[in-house]
Amino acid sequence: MNYKFKKFPGRILEIEVKSSPEDTIYESGAVIAKPIAVVDRLSSFYFHNSRIERDEKIFTISCQKEKWAELKIMETSKGIRLIIEIEDGDGVFGLGEEVGPLNKRGRTYEFYNTDEPEHASTKTKLYSSFPMFMVLSPKKALGFFVDYPGYSKMDICHEEENKIIIDVAGQAFKLYLQGDTPDGITANFVELTGKPILLPIWMLGYQQSRWSYPDEKTVLSISREFRNRSIPCDVIYLDIDYMENFKVFTWDKKKFPDPKALLSKLRDMGFKVITIVDPGVKVEEGYELYEEAKEAGYFCTNSAGTPFEAYVWPGKSHFPDFYNARVRKWWGDKVSEFKAIGVAGIWNDMNEPSIFFTPELIEEIKTTVKNLSPDLGMLADFTINQIPYEKRYRDHGKKFFHKDDHGNVISNRQIHNIYGFNMTRATYEGLINHYKTERPVILTRSAYPGIQRYGILWTGDNASLWEQLYQEIQMLQSLAITGVNFTGSDVGGFGGDCNGELLVRWTQFGVFQPFFRNHSAIGTRNQEPWSFGEKYERIIKKFIELRYALLPYIYSALKEAHDTGQMIVNPLLYKWPEDEKTYEADDEYLFGPSLLVAPIYKANATGRTVYLPGMRWMNFFNGRIYEPGYHYIEAPLDSLPLFVAENSLLSMTEPSQYVEKAIWKGLKIIGFVTSNASICIYEDDGVSLKYLDKAFSRKRVEIWKTGDKLLARIHPEAGELKTSERKINFEIFDGTHTHVGEFIDKGEGGVVELEKKLKN
Ligand code: MIG
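Because the structure is predicted, anything quoted here is derived from the model rather than measured.

1. Notes on the overall build of the protein chain
Here is step 1: Along the protein chain, the regular secondary structure elements total 16 helices and 45 strands.
Here is step 2: Taking 27 Å as the expected radius of gyration for a compact globule of 760 residues, we find that the protein chain reaches 26 Å, a close match to that expectation.
Here is step 3: Structurally, the protein chain occupies a C-alpha span of about 85 × 70 × 55 Å along its principal axes.
Here is step 4: The buried share among the 760 residues of the protein chain stands at 62%.
Here is step 5: Pairs at least 24 residues apart make up 70% of the contacts formed inside the protein chain by residues separated by at least 6 positions.
Here is step 6: When the accessible surface of the protein chain is totalled, it reaches about 28500 Å², and 49% of it is carbon and sulfur.
Here is step 7: The averaged location of the 106 negative side-chain charges in the protein chain is 3 Å from the averaged location of its 94 positive side-chain charges.

2. Focus on helix H11 (residues 466-481)
Here is step 1: Relative to the 22 Å expected for 16 residues at 1.5 Å per residue, H11 spans 24 Å between its end C-alpha atoms, a close match to the ideal helical length.
Here is step 2: The element H11 is largely enclosed, with a buried count of 14 among its 16 residues.
Here is step 3: Downstream of H11 by a residue or two, Gly 483 has a phi angle that is positive, lying close to 90°.

3. Side note on the pairing of strand E2 (residues 12-18)
Here is step 1: For E2, the tally of buried residues reaches 7 of 7 residues, placing the bulk of the element in the interior.
Here is step 2: Where burial is concerned, the two faces of E2 agree: the one with Ile 12, Glu 14, Glu 16 and Lys 18 and the one with Leu 13, Ile 15 and Val 17 are both buried.
Here is step 3: The pairing of strand E1 (residues 2-8) with E2 spans 7 bridges and is classified as antiparallel. The residue bridging Lys 4 from the neighbouring strand is Glu 16, located in E2.
Here is step 4: Linking E1 back to E2 in an antiparallel pair, the connection comprises 3 residues, with Gly 10 at a positive phi of about 75°.

4. A look at the site of the ligand
Here is step 1: Of all residues adjacent to the ligand, which total 13 residues, the nearest are Asp 239, Asp 349, Arg 445, Asp 461 and His 519.
Here is step 2: The contact in question runs from an oxygen atom of the ligand to an N or O atom on the side chain of Trp 313, over 3.1 Å.
Here is step 3: Separating an oxygen atom of the ligand from a side-chain N or O atom of His 519 is a distance of 2.9 Å.
Here is step 4: The residue inventory of the shell around the ligand, partitioned by class, reads 8 nonpolar, 1 polar and 4 charged.

5. Comments concerning the confidence of the model for the protein chain
Here is step 1: Counting all residues, the mean pLDDT for the protein chain is 94, and 96% of those residues have values of 70 or more.
Here is step 2: At the low end of the mean pLDDT range in the protein chain sits strand E4 (residues 50-55), at 58; at the high end sits strand E28 (residues 517-518), at 99.

6. Notes on the pattern of salt bridges
Here is step 1: For the structure shown, the criterion picks out 46 salt bridges.
Here is step 2: Between Glu 191 and Lys 195 there is a salt bridge whose closest N-O contact spans 3.8 Å.
Here is step 3: Each of Asp 115, Asp 349, Glu 352, Arg 445 and Asp 461 takes part in salt bridges that share partners, so that together they form one network.

7. Points about the sheet that holds strand E21 (residues 345-348)
Here is step 1: With parallel pairing, the 9 strands of this open sheet are ordered in space as E26-E25-E24-E21-E17-E16-E15-E28-E27. At either margin of the open sheet sits one strand with a lone partner, and together these are strand E26 (487-488) and strand E27 (490-491).

8. Points about the sheet that holds strand E19 (residues 310-312)
Here is step 1: Across the sheet, 3 strands lie side by side as E18-E20-E19; this open sheet has antiparallel pairing. Each end of this open sheet is capped by a strand with a single partner; those strands are strand E18 (281-282) and E19.
Here is step 2: Relative to strand E20 (residues 315-318), E19 is paired through 3 bridges, and the arrangement is antiparallel. Bridging from a neighbouring strand, Tyr 311 pairs with Lys 316 of E20.

9. A word on the packing of H11 against helix H12 (residues 500-511)
Here is step 1: Contact geometry for H11 and H12: axes closest at 11 Å, N-to-C directions at 5°. Considering the angle they form, H11 stands roughly parallel to H12. The residues of H12 that touch H11, namely those facing Trp 466, Gln 468, Leu 469, Glu 472, Ile 473 and Leu 476, are Glu 501, Leu 502, Arg 505, Trp 506 and Phe 509.

10. Here's the deal with the packing of aromatic side chains
Here is step 1: Per the counting criterion, the structure on display carries 47 aromatic pairs.
Here is step 2: Ring geometry for Tyr 611 against Tyr 630: centres 4.6 Å apart, planes inclined by 45°, an arrangement best described as tilted. In this pair, Tyr 611 sits in strand E32 (residues 607-612) while Tyr 630 sits in strand E35 (residues 629-634), placing the two residues 19 residues apart along the sequence.
Here is step 3: Classification of Tyr 611 by relative accessible area gives buried; the value is 8%.
Here is step 4: On the accessibility criterion, Tyr 630 (45% relative accessible area) is partly exposed.
Here is step 5: The ring of Tyr 237 has Arg 517 lying over it, and the distance from NZ or CZ to the ring centre is 4.7 Å.
Here is step 6: Taking NZ or CZ as reference, Lys 559 lies 5.4 Å from the ring centre of Phe 696, over its face.

11. Observations concerning the environment of Ser 520
Here is step 1: Following the sequence through the fold, Ser 520 ends up in the loop between E28 and helix H13 (534-549).
Here is step 2: Under the relative-accessibility criterion, Ser 520 is labelled buried at 0%.
Here is step 3: Expressed as a C-alpha distance, the spacing of Ser 520 and Ile 679, which sit 159 residues apart in the sequence, is 37 Å.
Here is step 4: Not counting the four nearest positions on each side in its chain, Ser 520 is found in contact with Ser 209, Arg 210, Trp 211, Gly 493, Phe 494, Arg 525 and Gln 527.
Here is step 5: For Ser 520, the side chain forms a polar contact with the side chain of Arg 210, separated by 2.6 Å.

About the cut-offs
- Residues numbered from 1 in each chain as written.
- Predicted model: local features only at pLDDT ≥ 70, side-chain atom pairs only at ≥ 80, totals over all residues.
- Heavy atoms only, no water.
- Helix = DSSP H or I, 4+ residues; strand = E, 2+ residues; numbered from the N terminus.
- Rg over C-alpha atoms; globule rule 2.2 N^0.38 Å.
- Buried < 20%, exposed > 50% of the residue type's maximum accessible area, 1.4 Å probe, protein only.
- Contact = heavy atoms within 4.5 Å.
- Areas by Shrake-Rupley, 256 points an atom, 1.4 Å probe, with all protein chains shown as cover.
- Lys, Arg positive; Asp, Glu negative; His and termini not counted.
- Charge placed at Lys NZ, Arg CZ, Asp CG, Glu CD.
- Expected span 1.5 Å × (residues − 1).
- Pairing = 2+ DSSP bridges.
- Near = heavy atom within 4 Å.
- Polar contact = N/O pair within 3.5 Å; in protein donor to acceptor, adjacent residues only side chain to side chain.
- Nonpolar A, V, L, I, M, F, W, Y, C, P; charged D, E, K, R; others polar.
- pLDDT = per-residue confidence, 0-100.
- Salt bridge = Lys/Arg side-chain N within 4 Å of Asp/Glu carboxyl O.
- Axes fitted to C-alpha atoms, helices over the stretch in contact; angles between N-to-C directions.
- Parallel < 35°, antiparallel > 145°, perpendicular 65-115°, else oblique.
- Phe/Tyr/Trp six-rings, centres within 6.5 Å; stacked < 30°, edge-to-face > 60°.
- Lys NZ or Arg CZ within 6 Å of the ring centre and 35° of its normal.

Right, here's the structure in full:
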């Protein structure tokens, strides 16, 4: 075994692990930070005050002589194994898009991007791979990232009580270790893999999708429905049926006779349109994209060097080799050309890549079926059941090849998990290159660490089931730990039939997902906000309006994430790692700097137990104050448990039907302040990159108590954007009284004394 050590910013240690010196590391592209130094001796290495000692293949991670964990690295017949021995009670958090609880102990997880349409709790892999996690106890927080883009598997204290056993199916990879506070670990990881992009403000609005709104007429009528019912909405999606025979970058001219006119009509109504783009290119003579790519050799190949062939939506298809820079450039140009008629964003689907079947598979199935006989009994039944499932999702990697920028052929097996990542990267680079001042908007289903610098991940084909609503609450936090700031689940559930109550509860959660989109599958019940009758529509509307009212707060948090790597969504354990009760509180989380949200995810529930950590909290809806600890909170259908932290503030505005700019006409500051609190309000044009040239405004609002009076101060902190004159209202609760006030903001700031309201 061979090791090399490098020091990275954020006190991260990189260990390059190789079976033998000749083994190649296939770069995943996740890490973009530059190393600070090559380290040759580990004896004085850090981890806070800790040391890593090198004893053959055993590294002891310790702190001032106290052993924290032990890491062993060894060769196996299938690759390289890491064993991390942790302590009793240590929590393990992260792994991004995996089903299961926030604390990952007691289960096995796989990393091999897979189109898994059933997110059952038994599943061990989904569309993305985030082999990053932290080991946490009140006295320590250690971060690990196994940067290997091929197959790996992690047994997290499943087989053996306090052991994490990681099997990497390769001979060489990089391992990153760090020690910090839990939120520091994520921030450092983001330093390593890139800051989250700043999205346009309208991506924070409510979004409506369906597989599919099949024609122009339907798209228009759905959009009008939103405006007629005054339900805010910013984005409408076009799923696969807008294309002609599922050919990427084409429009079905029968169903969408004039897409440009349609997009501009929708724009006038305040809607942006995001279109789906799949990687599978239809094999069809005369189809320009296909001809061009075939001619230039842009497709992935099989072992014979001809294009790799498999069947997806367009039928027989080839797959662009996004691992290659020339192919990425070509694809980026194509996407940009397609976008030019007024498409606002690109939705990358099927990019694991998903494959329905290969021609060889059909042959194999035929053989299997031919040999089926009733005499096989139970085995026959077993074989029949395995055909549609196992066979479809198995590994195609053996016959599927890429070419790197130097012409070396690489099996998909080695770099399988970055196909979607590179497709998103290609799209991002193309859009940024062609639309120089516009913030690119790209959704992706498949991802790898670092994806936050290119696009938005959504969690794929969940189902309209209560247990999956709970699962999404957990997954949202696991993704945030691994640096994915902007993500969310299909609100209402994708597969299966939703109902009014479930849609209300999922929408309430959706308000507190960074990405807030309702989407559902073909053949399921309609799921738009008005689909289940007036009673539900009214509540859904109220919550979508709450989202719009909170936009100043959410947008400022988004900018904070872009600047500092501090995520919008944070598990409670980030702020209270010394309180182990937060390790199990995985059905609630922090949203931005001031809010704690505890969604309702059980059918027929009218309330739930909430754990309020570390300080006092104010119920957002009724102003009641709670001491830290467990509380049962009433939450009938039109309410959810939502709390404002003691000594914190929220910036809000009047809800609108859609948002074009992140410059607010009026603001309202609410909060719970017993000594002092402050919040930042970040504003800019909401769509361009001009903020890089100081065309933004960042103001700080502070509230503090002197005697029994509350004072408010606003002062500009940074930026050159001038906001026009507007009113800022205050409504601050000090634990016994509400203090109100009004301030005319002319841009230069000032101080105002709030007035105590005698009656609340
Ligand atoms: O094979 O485009 O996850 O959001 O609606 C299914 C149709 C393909 C899967 C995506 C889903 C989308 C659907 N797609």
